[in-house]
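So you can see what is in the structure, the chains are spelled out below.
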Amino acid sequence: MSKVDVLIKRLDEGLPVPSYAHPGDAGADLRTAVDVELPPGERAVVPTGVAIALPDGYAAFVHPRSGLGAKLGVTIVNAPGTVDAGYRGEIKVTLLNTDLRDTVRLRRGDRVAQLVVQRVEHAVFHEVTELPGSARGADGFGSTGGFRGNEHSREGA
Ligand SMILES: O=c1ccn([C@H]2C[C@H](O)[C@@H](COP(=O)(O)OP(=O)(O)OP(=O)(O)O)O2)c(=O)[nH]1
Ligand SMILES: [Mg+2]
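Residues numbered from 1 in each chain as written. Chains lettered and ligands numbered in written order. Predicted model: local features only at pLDDT ≥ 70, side-chain atom pairs only at ≥ 80, totals over all residues. Heavy atoms only, no water.

In the nomenclature of an unreviewed UniProt entry, the protein is known as Deoxyuridine 5'-triphosphate nucleotidohydrolase of Actinomadura namibiensis. We quote the UniProt Pathway (unreviewed entry) comment for the protein here in full: "Pyrimidine metabolism; dUMP biosynthesis; dUMP from dCTP (dUTP route): step 2/2." UniProt lists a comment for the protein under the heading Sequence similarities (unreviewed entry), and it reads "Belongs to the dUTPase family." (UniProt positions renumbered as here; feature names shortened; annotations may be inferred.)

Written as structure tokens, this is what we have:
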């Protein structure tokens, strides 16, 4: 795994600096700095107690944790959240309880998301009147096949 240096400031010194659970993991776990109660279908913007300074040419993406999703139905509304290189504010996570029955309770210090740091590039947009052809063309949105479990899916979906 290649490495990049990222400056980090703890806004809450009672929480550890985010870390990777295993050497090859893509995401460093982020913790909630507060207790969170999420009734069914509700969302909350949760502080993580950290701010970072990424080098130019990088971004960090706030991804959900699969265990929280599978076990509790908790996901991130804007997944993956985008942390710009110039952002110096606290990293926040917009959690959503997708469960329709159970309230989810998370404790301060629980790992609620994972931060993936990646190189990004800026496009230089060149406006044209005709795009070059391709094998796919303009086909999309299920053009390669249906979903056999749902014969009566909404038209246009
Ligand atoms: O999950 C997220 C997503 C974003 N941010 C922070 C970092 C990011 O640089 C800033 C702005 O995010 P974004 O551009 O996605 O939000 P926006 O609604 O477009 O806000 P803005 O108008 O400030 O760009 O908010 C987070 O802390 N967590
Ligand atoms: Mg923005």
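On a plain count of helices and strands, the protein comes out with one helix and eleven strands. In sequence order, the secondary structure elements of the protein are arranged as β-β-β-β-β-β-α-β-β-β-β-β. The C-alpha radius of gyration of the protein comes to 20 Å, more than 25% above the 15 Å expected for a compact globule of 157 residues. With the C-alpha coordinates of the protein rotated into their principal frame, the extents come out at 55 × 45 × 30 Å. Here the protein has roughly 11500 Å² of accessible surface; of this, 50% comes from carbon and sulfur atoms. (Helix = DSSP H or I, 4+ residues; strand = E, 2+ residues; numbered from the N terminus. Rg over C-alpha atoms; globule rule 2.2 N^0.38 Å. Areas by Shrake-Rupley, 256 points an atom, 1.4 Å probe, with all protein chains shown as cover.)

Residue A79 is joined to P80 through a cis peptide bond whose omega torsion reads -15°. As for its position among the elements, P80 is in the loop between β7 (74-76) and β8 (81-83).

What UniProt calls "binding site: substrate" (unreviewed entry) maps, in this numbering, to R65, S66, G67, N78, T82, V83 and D84. In three dimensions, the annotated residues from a span of 20 residues occupy distinct locations, with a maximal C-alpha spread of 26.2 Å. Filtering out sequence-adjacent residues up to four positions away, R65 remains in contact with D29, R111, V112, A113 and Q114. Mapping N78 onto the fold places it in the loop between β7 and β8. In this structure N78 comes out as partly exposed when scored by relative accessible area, which is 42%. (Contact = heavy atoms within 4.5 Å. Buried < 20%, exposed > 50% of the residue type's maximum accessible area, 1.4 Å probe, protein only.)

As a further point, take the site of ligand 1. Every residue near ligand 1 is listed here: V62, N78, G81, T82, V83, D84, Y87, E90, I91 and K92. Interatomic distance of 3.3 Å between a side-chain N/O atom of N78 and an oxygen atom of ligand 1. The separation between a nitrogen atom of ligand 1 and a polar main-chain atom of K92 is 2.7 Å. Considering only residue class, the shell around ligand 1 consists of four nonpolar, three polar and three charged. (Near = heavy atom within 4 Å. Polar contact = N/O pair within 3.5 Å; in protein donor to acceptor, adjacent residues only side chain to side chain. Nonpolar A, V, L, I, M, F, W, Y, C, P; charged D, E, K, R; others polar.)

Here the focus is the pattern of salt bridges. Applying the stated criterion to the full structure yields four salt bridges. Salt-bridge contacts for R108 lead to D12; the nearest nitrogen and oxygen are separated by 2.5 Å. A residue pair is termed long-range when its members are at least 10 positions apart, and R108 in the loop between β10 (104-106) and β11 (111-119) and D12 in the loop between β1 (7-10) and β2 (28-31) qualify at 96 residues. With a relative accessible area of 39%, R108 lands in the partly exposed category. Residue classification places D12 among the buried positions, given a relative accessible area of 16%. With a shortest N-O distance of 3.3 Å, E37 and R105 are connected by a salt bridge. With E37 in strand β3 (residues 36-38) and R105 in strand β10, this pair connects stretches of sequence that are 68 residues apart. Overall, E37 belongs to the exposed group, its relative accessible area being 52%. Among the charged side chains, a network of salt bridges with common partners joins D29, R65 and R111. (Salt bridge = Lys/Arg side-chain N within 4 Å of Asp/Glu carboxyl O.)

Moving on, we come to the UniProt feature "domain: dUTPase-like" (unreviewed entry) in the protein. Residues given the UniProt feature "domain: dUTPase-like" (unreviewed entry) here are residues 16-145. From the first C-alpha to the last, residues 16-145 spans 47 Å; its make-up is 5% helix and 35% strand.

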